[in-house]
Amino acid sequence: KSVEFQNSAGENQLSKEDQELVLSLPRVKSWDYAFLYQYQGFWCASNCFHGILSFQRHFQAKDTDILLVTFPKSGTTWLKALTYTIANRSRYTLENSPLLTTPSHDLVPFTDVHIYADNKSSTLEDLPTPRILAIHLPYASLPHSIINSNCRIVYLCRNPLDQFISYWHFISKVPQAADPVSIDEAFEMFCQGVQMFGPIWDHELGYWKASLEKSNKILFLKYEDLKEDIIYYIKKLADFIGCPFNNEEEAQGVIEEISKFCSFDNMKNLEVNQIGKLSYFGIENKAYFRKGKVGDWTNHLTPSMSKRLDNLMEEKFGDSGLMT
Ligand code: A3P
């Protein structure tokens with residue numbers, strides 16, 4: 001089993017105690033990674049524990065931090081590009097944007113499953129203010145300093161039907177993924193909430209409920225809304241992270257320019273996103289750009305599958321207000 005704990009470099013970084021902790025958890029054979037362990041209510045691949053446990057134990061949030069949180073395949077790549085561009089617009093013009101030469105996942109790395117996994121937490125101290133950090137952890141598993149500090153959280157959620165289809169395509173491009181299974185098998189496990197960081201409904205509901213209680217701290221966004229009215233949401237995002245557009249910028253069309261720059265077509269076609277691999281996990285940059293559409297699930301799920309998922313979402317999201 002120790003092979004299971006190896007990171008992408010083939011090293012097992014878990015202490016004996018942590019290995020014992022993980023091995024005591026419920027385990028399932030999954031469709032995304034060979035095995036997932038149920039930790040604090042969410043499913044987690046064995047090779048992510050080192051990063052997640054160290055992040056939870058050691059991360060110190062600053063009041064000025066901006067945390068981008070997503071369930072995988074909910075539009076993280078887009079949210080990173082948008083936030084980075086908005087926050088750094090006085091330092092870089094779009095023509096000089098670091099996004100032209102560096103993938104957004106390297107400019108805004110995942111703090112839990114990347115920085116702490118690679119023991120690079122000291123690099124966090126060198127980041128300019130505000131630090132833009134990304135994580136996938138559920139709300140209930142966040143380190144205390146995030147909850148107790150004045151740092152802000154931007155959560156981007158996506159319709160689970162599209163998330164499933166997006167992840168289904170993506171996982172076949174992940175070198176450490178499990179052997180491929182049929183879409184029916186994957187769907188069955190997905191409906192049981194089994195996937196990395198799943199169940200998706202618990203993840204989305206956790207941040208949704210917290211955002212209702214703490215609207216100054218958590219901005220809850222939906223992928224579908226951004227696709228419908230990106231200009232409105234770029235403004236909202238800029239206001240929330242404390243970098244509002246002034247009248248002159250608005251008149252000059254800066255918001256429209258940012259929306260075009262970060263759009264799916266523009267980002268997908270940049271050479272930097274067509275070639276090369278991410279500095280972690282060995283995933284090709286282009287794997288993060290597939291269709292970028294709302295409703296692609298209709299091309300993949302049968303009516304009975306979508307009915308089942310609709311019923312499930314009705315049951316899980318209930319009267320939370322998240323589905324309206
Ligand atoms: P699809 O597989 O449905 O196309 P994540 O960034 O969280 O990994 O999510 C990836 C999903 O976001 C993929 O969805 C991808 O195509 C889409 N995506 C990536 N960049 C985007 C952008 N700039 N605008 C809209 N969608 C984008």
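Owing to the predicted nature of the structure, the values given are computational and were not obtained by experimental measurement.

## Considering the pairing of strand S5 (residues 132-135)
Of the two faces of S5, the one holding Ile132 and Ala134 and the one holding Leu133 and Ile135 are both buried throughout. Judged from the 4 bridges that link them, strand S4 (residues 66-70) and S5 form a sheet pairing that is parallel. Across the sheet, Leu68 pairs through a bridge with Ala134, a residue of S5.

## Describing the sheet that holds strand S3 (residues 42-45)
The strand order across the open sheet built from 3 strands is S1-S2-S3, with neighbouring strands paired in antiparallel fashion. A strand with exactly one partner marks an edge of an open sheet, and here the two such strands are strand S1 (27-29) and S3. Here the average twist between neighbouring strands, direction ignored, is 35°. Pairing of S1 with strand S2 (residues 35-39), which is carried by 3 bridges, proceeds in the antiparallel orientation. Looking at the pairing, Arg27 lines up with Tyr37 of S2. Sheet strands in contact with helix H2 (residues 49-58) are S2 and S3, and its direction is about 20° off that of S2.

## Some points on the side chain of Ser145
For Ser145, the location among the structural elements is in helix H6 (residues 144-148). Using a relative accessible area of 14% as the deciding quantity, one classes Ser145 as buried. Those residues in contact with Ser145 that sit more than four places away from it in its chain are Phe59, Gln60 and Ala61.

## Notes on unusual backbone geometry
Cis rather than trans, the peptide bond between Thr129 and Pro130 has omega equal to -5°. Within the element layout of this structure, Pro130 appears in the loop between helix H5 (111-115) and S5. Note the cis peptide between Gly198 and Pro199, where omega equals 0°. Within the secondary structure, Pro199 is located in the loop between helix H8 (183-191) and helix H9 (200-213). In this structure, Gln40 takes a positive phi of about 50° despite not being glycine. Gln40 gets classed as partly exposed once you look at its relative accessible area, which sits at 47%. The phi torsion at Asn119 lies on the positive side, around 55°, for a residue other than glycine.

## Quick word on the site of the ligand
Around the ligand sit 17 residues, and of these Lys73, Thr76, Thr77, Ser166 and Lys291 come closest. Residue Phe264 places a main-chain N or O atom 3.4 Å away from a nitrogen atom belonging to the ligand. If the ligand stood free it would expose 570 Å²; the protein chains cover 98% of that surface. A majority-of-atoms criterion places the ligand in the largest pocket. Of all the elements, helix H3 (residues 76-87) adds the most residues to the shell around the ligand, at 3 residues. In terms of residue class, the shell around the ligand is built from 6 nonpolar, 7 polar and 4 charged.

## Re the pattern of salt bridges
Throughout the structure, instances matching the rule amount to 12 salt bridges. One salt bridge in this structure joins Lys316 and Glu315, with 3.9 Å as the shortest N-O distance. Its relative accessible area of 32% is what places Lys316 among the partly exposed residues. A relative accessible area of 56% places Glu315 in the exposed class. A single salt-bridge network, built from bridges that share partners, covers Arg290, Lys291 and Asp296.

## Brief notes about helix H13 (residues 254-261)
When we look at burial in H13, the residues that qualify are Val254, Ile255, Ile258, Ser259 and Phe261. The arc enclosing the buried residues of H13, seen along the axis, measures out at 165°, which places them on a common side. In the core, the buried residues of H13 are packed alongside H3, helix H11 (230-240), helix H12 (247-252) and helix H14 (264-269).

## Considering the sheet that holds S4
Two strands in a sheet stick together by hydrogen bonds in their backbones, pointing the same way (parallel) or opposite ways (antiparallel). A sheet is described by the order of its strands in space; here 4 strands give the open sequence S5-S4-S6-S7, paired in parallel fashion. For this open sheet the edge positions go to S5 and strand S7 (218-222), each flanked by a neighbour on one side alone. Going across the sheet, the axis of each strand differs from the next one's by a mean of 20°, ignoring polarity. Sitting on the sheet, H9 is in contact with S4, strand S6 (152-157) and S7, with an inclination near 130° to S7. Helix-sheet contacts for H11 involve S6 and S7, and the interaxial angle to S7 is about 165°.

## Some words on the UniProt feature "domain: Sulfotransferase" (unreviewed entry) in the protein
Mapped onto this structure's residue numbering, the UniProt feature "domain: Sulfotransferase" (unreviewed entry) falls at residues 63-321. Annotated as 45% helix and 8% strand, the span residues 63-321 places its first and last C-alpha atoms 29 Å apart.

Cut-offs and rules
Residues numbered from 1 in each chain as written. Predicted model: local features only at pLDDT ≥ 70, side-chain atom pairs only at ≥ 80, totals over all residues. Heavy atoms only, no water. Buried < 20%, exposed > 50% of the residue type's maximum accessible area, 1.4 Å probe, protein only. Helix = DSSP H or I, 4+ residues; strand = E, 2+ residues; numbered from the N terminus. Pairing = 2+ DSSP bridges. Axes fitted to C-alpha atoms, helices over the stretch in contact; angles between N-to-C directions. Contact = heavy atoms within 4.5 Å. Near = heavy atom within 4 Å. Polar contact = N/O pair within 3.5 Å; in protein donor to acceptor, adjacent residues only side chain to side chain. Areas by Shrake-Rupley, 256 points an atom, 1.4 Å probe, with all protein chains shown as cover. 1 Å grid on protein atoms, 1.4 Å probe; cavity = no way out; pocket = protein on both sides within 12 Å on 5 of 7 lines; lining within 4 Å. Sits in = over half its atoms within 2 Å of the grid points. Nonpolar A, V, L, I, M, F, W, Y, C, P; charged D, E, K, R; others polar. Salt bridge = Lys/Arg side-chain N within 4 Å of Asp/Glu carboxyl O. Arc of directions from axis to C-beta. UniProt positions renumbered as here; feature names shortened; annotations may be inferred.

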